[in-house]
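What follows is the residue order along each chain.
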Amino acid sequence: MKRPLTEMVFMLLLMLLFVGCSFVTIERCASFYQSMLREQQADDQVQLPYLVLFNRLQNVPADQVAVREWAGTECLVIQEEIEGRTYETLFYYQNGALMELLTGTEHELDLTAGEILVSSQPLSFELESDRLQVRWQNDQGPSATLSLILKGGAE
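Residues numbered from 1 in each chain as written. Predicted model: local features only at pLDDT ≥ 70, side-chain atom pairs only at ≥ 80, totals over all residues. Heavy atoms only, no water.

### Topic: the overall build of the chain
Tallying secondary structure elements over the chain gives one helix and eight strands in all. Along the chain, helices and strands appear, N-terminal first, in the series α-β-β-β-β-β-β-β-β. With 155 residues in all, the chain has 26% of them scored as buried. A separation threshold of at least 6 residues defines the contact pool for the chain, and within that pool the share at least 24 residues apart is 33%. For the chain, the computed accessible surface area is about 10700 Å², with 56% contributed by carbon and sulfur atoms. (Helix = DSSP H or I, 4+ residues; strand = E, 2+ residues; numbered from the N terminus. Buried < 20%, exposed > 50% of the residue type's maximum accessible area, 1.4 Å probe, protein only. Contact = heavy atoms within 4.5 Å. Areas by Shrake-Rupley, 256 points an atom, 1.4 Å probe, with all protein chains shown as cover.)

### Here's the deal with the nonpolar core
Nonpolar side chains tend to gather and get buried jointly when the protein is soluble and globular. By size, the foremost hydrophobic cluster in this structure holds 18 residues, and its most contacted members are Leu53, Leu57, Val65, Leu76 and Val134. Contributions of two or more residues to this core are made by α1 (5-57), β2 (73-82), β6 (123-128), β7 (131-138) and β8 (141-149). For this core, the element with the most residues is β7, which contributes three residues. Apart from the residues within four sequence positions on either side, Leu76 is in contact with Leu53, Leu57, Val65, Ala66, Val67, Thr89, Leu90, Phe91, Phe125 and Leu132. (Core = buried A, V, L, I, M, F, W, Y, C linked by side-chain atoms within 4.5 Å.)

### A short note on the sheet that holds strand β3 (residues 85-94)
Taking strand neighbours across the sheet as the criterion, the five strands line up as β1-β2-β3-β4-β5 in an open arrangement whose pairing is antiparallel. Each end of this open sheet is capped by a strand with a single partner; those strands are β1 (65-70) and β5 (115-119). Taken pair by pair, the neighbouring strands of this sheet meet at an average axis angle of 30°, ignoring direction. Across six bridges, β1 lies against β2 in antiparallel orientation. Paired with Trp70 across the strands is Thr73, a residue of β2. (Pairing = 2+ DSSP bridges. Axes fitted to C-alpha atoms, helices over the stretch in contact; angles between N-to-C directions.)

### A short note on the environment of Pro49
As for its placement among the helices and strands, Pro49 is situated in helix α1. Once the C-alpha coordinates of Pro49 and Trp136 are considered, the two residues, 87 residues apart in sequence, prove to be 9.6 Å apart.

### Section: the side chain of Gln94
Mapped onto the secondary structure, Gln94 falls in strand β3. Exposure remark for Gln94: the relative accessible area of 19% places this residue in the buried category. Residues contacting Gln94, with those up to four places away along its chain left out, are Met99, Leu111 and Thr112.

### Observations regarding the side chain of Thr103
Its place among the elements puts Thr103 in strand β4 (residues 97-104). Leave out the neighbours within four places in its chain, and Thr103 touches Tyr87, Glu88, Leu90 and Leu109.

Listed below in structure tokens is the structure:
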């Protein structure tokens, strides 16, 4: 028994409708995922450096932290005493990344020798007494600020 032509055309149209709806749904989900991924990558430019600095500064007394400038680069400096010798850990922005450099105070400072911690937007430091502010900048201006109150003097 042959099916009428209109029934076959109707089934083909339903199938085309299903395929078209599936394609539109997949395309919308893919574009939504891509926009989420772009936002996540932009957030990582601030969140990861934020976490690195927060974790490193969590138990550092305020009198061991300073902000200095070397060769036009602003650096956050943590001074520590290790086995009777004084060391400085510098955090700074260079070439799209948050950098860290551990050096003895008696050594010549070379910021190109620092280690890349994480990619980052440009950042600046401001230290007033025991209050540290780190600001990330993008093309439109400040994008985020980390404010920390450092521990009181040495324990």
